[in-house]
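Okay, here's what each chain looks like letter by letter:
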Amino acid sequence: MKSERLYSLDLLRGLDMLLLAVIGPLFAAINAATPLPACVMGQFRHNWGGFTLWDLIMPLFIFMCGAAVPFALEKRKTDGHAGLVYWRHVLARVAVLWVLGMVAQGRLLSLDILRINPFNNTLQAIAAGYLVAAAVLAVPSRHFRRAAPFVLALGYTAILHFCGDYTMDGNAATRFERWLLPLITPEGSQALALADPGYSWWATIPMFGVMTLCGMEATGILTDAAASPMKRLARLAAVGAALLAFGWAVSPWIPAIKHIYTLSFTAQAMGWCLLLLAALYLVVDVFRLRKGTGLILLFGQTSLMAYMCHEFKSVFRAFGQMFAPGAAHLFGPSAEPLAVWLAASALLVAFLALWRDRRRGERS
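From a predicted model like this one, the values you see are computed outputs, not experimental measurements.

(A) Region of the structure containing the side chain of Thr-122. Note on placement: Thr-122 falls in helix 5 (residues 122-137). Ignoring any residue separated from it by four or fewer positions in sequence, one finds Thr-122 in contact with Met-58, Phe-61, Trp-201 and Tyr-307.

(B) Representation of a nonpolar patch on the surface within the structure. A grouping of Trp-248, Trp-272 and Leu-276 is seen on the molecular surface, where their side chains present a nonpolar patch of about 300 Å² in accessible area. Note that Trp-248 resides in helix 10 (residues 229-250).

(C) View of the layout of surface pockets. Empty space within the largest pocket amounts to approximately 1300 Å³. For the largest pocket, the lining is made up of 36 residues, of which Arg-13, Arg-93, Gln-301, Arg-359 and Arg-363 are closest to its centre. Of all the elements in the fold, those that place two or more residues in the lining of the largest pocket are helix 1 (7-33), helix 3 (57-73), helix 4 (84-104), helix 5, helix 12 (294-301), helix 13 (303-311) and helix 16 (336-363). Per element, the largest residue contribution to the lining of the largest pocket is eight residues, and it comes from helix 3. Within the lining of the largest pocket, the residues separate by chemical class into 19 nonpolar, six polar and eleven charged. Taken as a whole, the second largest pocket spans an internal volume of roughly 850 Å³. Lining the second largest pocket are 32 residues, with Pro-149, Phe-150, Leu-213, Cys-214 and Glu-217 sitting closest to its centre.

Thresholds applied
- Residues numbered from 1 in each chain as written.
- Predicted model: local features only at pLDDT ≥ 70, side-chain atom pairs only at ≥ 80, totals over all residues.
- Heavy atoms only, no water.
- Helix = DSSP H or I, 4+ residues; strand = E, 2+ residues; numbered from the N terminus.
- Contact = heavy atoms within 4.5 Å.
- Patch = residues over 30% accessible without salt bridge, like charges linked within 9 Å, V, L, I, M, F, W, Y side chains within 5 Å.
- Areas by Shrake-Rupley, 256 points an atom, 1.4 Å probe, with all protein chains shown as cover.
- Salt bridge = Lys/Arg side-chain N within 4 Å of Asp/Glu carboxyl O.
- 1 Å grid on protein atoms, 1.4 Å probe; cavity = no way out; pocket = protein on both sides within 12 Å on 5 of 7 lines; lining within 4 Å.
- Points joined across faces, edges and corners; volume = space filled by probe spheres on them.
- Nonpolar A, V, L, I, M, F, W, Y, C, P; charged D, E, K, R; others polar.

Everything listed is a geometric property; what it means functionally is a separate question.
Here it is, written out as structure tokens:
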């Protein structure tokens, strides 16, 4: 594969992390100072059923990781085949993401197997999707690669539809999770599952794979040397619009539920991901309008570290709280939440910039 630099990929990844780590907390700070309408703050929550802006963050992160798969793995094939180098890289990547996910849970260093849930984090979902995508990419057949996401999605959907309902307690994915967890860690994981009601991880692996494969297919479209940039754009937008329309069309029968990644939810999420990528591709890769994107690129180029910083946001918030009393004295109590957010965000940006520059220095 030709290694073509696509700024739209970095920008979309950066927008996702910026929304998670900066914009979401900003709205929370504004709401703490001056309550915002429920319809606005409702976009920053996960509900059982429906689709909100906040619901898009995790699917978009998985999608963008899938978009990087061809760049990372095609060059590690030997004469077009997945050999030892290929699988060593894949398994090492999966292991790192899995352990980082367990660290982000905040319980790994307890060294108490009854308190550590082996799988309940976005990074681990990315690892699972990455492993599925790597296995699919290892098969030379292009037809197999294109069929794989449909087979996975329809198989998972059939199990959900015919082996349960779409309620929080009655769906097949959650019931499987509660059956499996006690077999792994008898008491702790079950308690953790009940503290995070309705979410499925193990049973949802096929859909994590589908989203990763969707990102991989998007990269294939955008790096198709036989097509002009506008044809690539049209294909990307057409697939995105079709998925979005399909998700809306089937939602009366298969509700959009983020917690268990139903077919309608996943189709809508991937539709939005593709349309957003198409819009950014047009702006920054076709028209090459890139001024003012430095902050977004920073988050895109340090997305994994930005995610980990968000998971340990209490550290940055503690820094911000050192400045809050002064803001309250000068501007009133309502300014305190915004002062905390501003100082915490400034520290986060400075830390990410230093991290990026250090990595660049090591590579050079």
